[in-house]
Amino acid sequence: MTAIFAKFKAIWMSELVRRYELEHGFQRDAVIEQQARQQPQLSQQVLLRGQLWAERLGLTQHLQRWHQLRRVIAISLSLLAVLIGLAQVQATLALPSPISLLFALVLLLGMNSVMLLLWLVLSLLQGVRRPASTQASGTSILRLSMWLMQRLGRRPQHQQYQTALWSVAQRNKMIAPGTAMLSHGYWLLVMLATWLFLFVSLSTNVYQFTWASTIWPAATVSSWAEVIGWGPSWWGVSAPSYADLGPASADATNQLAAGRWLLMCVFSYGIVPRLLFLLAAMLLLGWRAWRAQLDLQAPGMATVVQGLKPRAQAVVIDADTQSPTNSPVTVTMASSAQHQRLEPPQLTADSLTVSLDFELDHAWLAQQQTAASVGFYGVVASGLEKRRLLAHLHAHPPQQLWVRVNSELSPDRTTLKLLREMMAYVAHLEVLLITASEHASAEQQQRLQHWQQLLAQQEIPWRLV
């Protein structure tokens, strides 16, 4: 069981790192990537990378504080469950003597039975309707726990851990068994406390019980006693008859049988059902945690996968990639024709083309605007437009993103950072370096070479157009 949830924790850590990289940029470290590549499968490589980066970024240290807060809340709710059990017993045994057995069962089992019935009804309705928001289906105990986590843990990291945990659990269908385990475990603790306090009270004090009803005849009350006594009868404890425990009966032997029967009713109808549902929820949760998978299609994972793939290094020396000192530029080769001057790619429904800062080819831009192409996002220049573009990629990530860059403009760190952020949302990104003509001036050639060098250093694919 520990190994099963260790895998789930690794997925959780990878989700935390993914969200961190979406906000702060993709992280690169040759040592971490080399350790991750030693794993046989890609998913294992991503999980190990996530764990290593979580330790490097300090996320695991903050996670320990999150767990400490969770334990404090769990202990507090457990104490509340014990107090509920004590209150139920005190309210029952404080009734005027002789105590009605029917009324005692209502006080001891009523709240638990209503909550169990409500959970069953809601579970059946969710199975039929499948509500859009899984978060709305959480139990009251889960809502209370999350509310306390938000109020007591006001650090931003706590909210990040909670959001990442919910996302991973929801994607792997662990919300329903998790909330069921929390609900049944809590009410099992309540009923255990109720049974224990009732046992202590009946062991140390003398109480009188009776079958009493103002409007129902003795035959009806006897029928109810037989029905309710079905559960305790499995343990060899029979319900006292109406004749033995009528309003006028005060026999000590009958009172002893009534007290034992009341204890077994709490055990049979309060503890046993909750224990069975708890075990079933734990088995289902463990099985789904064992089958949990990392979402490699989530935004940002494409860059992680690309960074873990073995790279074929090649030295390319031509008129477009030579530096002023004639030193070769080492770049990552995606194909033999990657850095040749090619025609602009055709726009398709599953691809997106965006012009960054300034479109050099005015004729091409006018053609796209006239045709109202569905694959052309537009020219993105201002900071607000760039933030809107990232939000669009996050909501609707395309399979292919073409970024048209005016090679006559000087490259800067802000542009390169934006390109790295966009790579986190798409499966493949390629920069199109737009040149006005093949016979450029010396200054234009120098800027083009600068673009090529920086894109190669950042491992961003590019081509000349």
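All figures in this text were calculated on a predicted structure; none of them were measured in a lab.

Thresholds, definitions, all that
- Residues numbered from 1 in each chain as written.
- Predicted model: local features only at pLDDT ≥ 70, side-chain atom pairs only at ≥ 80, totals over all residues.
- Heavy atoms only, no water.
- Axes fitted to C-alpha atoms, helices over the stretch in contact; angles between N-to-C directions.
- Helix = DSSP H or I, 4+ residues; strand = E, 2+ residues; numbered from the N terminus.
- Parallel < 35°, antiparallel > 145°, perpendicular 65-115°, else oblique.
- Contact = heavy atoms within 4.5 Å.
- Nonpolar A, V, L, I, M, F, W, Y, C, P; charged D, E, K, R; others polar.
- Buried < 20%, exposed > 50% of the residue type's maximum accessible area, 1.4 Å probe, protein only.
- Pairing = 2+ DSSP bridges.
- Right-handed = clockwise from strand over helix to strand, strands pointing away.
- Salt bridge = Lys/Arg side-chain N within 4 Å of Asp/Glu carboxyl O.
- Polar contact = N/O pair within 3.5 Å; in protein donor to acceptor, adjacent residues only side chain to side chain.
- Left-handed = near helix turned anticlockwise from the far one by under 90°.
- Core = buried A, V, L, I, M, F, W, Y, C linked by side-chain atoms within 4.5 Å.

1. What to know about the packing of helix α3 (residues 42-56) against helix α12 (residues 301-308)
Where α3 contacts α12, the two axes come as close as 10 Å, and the packing angle between them is 105°. Classified by the angle their axes make, α3 and α12 are roughly perpendicular. Note on element contacts: α12 touches α3 through Met301, Val304, Val305 and Leu308, opposite Leu42, Gln45, Val46 and Arg49. Within the contact of α3 with α12, the residues separate by chemical class into six nonpolar, one polar and one charged.

2. Looking at the pairing of strand β8 (residues 428-434)
Counting buried positions along β8 yields six of seven residues, so the element is predominantly enclosed. Sheet topology note: the strand β7 (residues 400-406)/β8 ladder contains seven bridges and is parallel. Following the sheet pairing, Arg404 is matched in β8 by Leu432. Taken together, β7, helix α15 (residues 413-423) and β8 constitute a β-α-β crossover, and its handedness is right-handed. With three bridges joining them, β8 and strand β9 (residues 462-464) adopt parallel strand pairing. Bridge pairing links Val431 to Trp462 in β9.

3. Remarks on the sheet that holds β9
Taken in spatial order, the five strands make up an open sheet running β6-β5-β7-β8-β9, and their pairing is parallel. Of all the strands in the sheet, the pair left with one neighbour each is β6 (376-380) and β9. Ignoring which end each strand starts from, the neighbouring axes of this sheet average 20° apart. Note: strand β5 (residues 351-356) against β7, six bridges, orientation parallel. When the sheet's bridge partners are listed, Thr353 is paired in β7 with Trp402. Strand contacts of helix α14 (residues 383-395): β5, β6 and β7, with the helix running at about 155° to β6, the strand carrying the most contacts. This element, α15, spans β5, β7 and β8 of the sheet and lies at about 145° to β8.

4. Points about the pattern of salt bridges
Throughout the structure, instances matching the rule amount to eight salt bridges. With a closest N to O distance of 2.8 Å, Glu15 and Arg19 form a salt bridge. Of this pair, Glu15 and Arg19 both sit in helix α1 (residues 2-24), four residues apart, which is roughly one turn of the helix. With a relative accessible area of 2%, Glu15 lands in the buried category.

5. Concerning the side chain of Thr92
In this fold, Thr92 is placed in helix α4 (residues 59-93). On the basis of relative accessibility, which here comes to 0%, the residue Thr92 falls in the buried class. Here the side chain of Thr92 touches Gln88 through a polar contact of 2.8 Å, landing on its backbone oxygen.

6. Comments concerning the packing of helix α2 (residues 30-37) against α3
Two packed helices can be described by the angle between their axes and the distance between those axes. Interhelical geometry of α2 versus α3 gives an angle of 145° and a closest axis separation of 8 Å. Classified by chirality, the crossing of α3 by α2 is right-handed. Contacts between α2 and α3 involve Ile32, Gln35, Ala36 and Arg37 from the former and Gln45, Leu48, Arg49, Leu52, Trp53 and Arg56 from the latter. A per-class count over the contact of α2 with α3 returns five nonpolar, two polar and three charged.

7. A short note on unusual backbone geometry
A cis amide bond links Ser97 to the next residue, Pro98, at an omega of 0°. With respect to the helices, strands and loops of the structure, Pro98 is situated in the loop between α4 and β1 (99-100). In this structure, Lys173 is a non-glycine residue whose phi angle is positive, near 55°. Tracing the backbone shows Lys173 in the loop between α7 (156-171) and α8 (175-204).

8. Focus: the nonpolar core
One finds Leu198, Phe209 and Leu262 to be the most contacted residues of the largest nonpolar core, which totals 34 residues. Counting only elements with at least two residues in this core, the list comes to α4, α5 (101-129), α8, α9 (218-228) and α11 (252-290). Among the elements that make up this core, the one with the highest residue count is α11 (nine residues). The next biggest cluster of nonpolar side chains, apart from the first, holds 29 residues, and it includes Leu416, Met422, Leu433 and Leu464.

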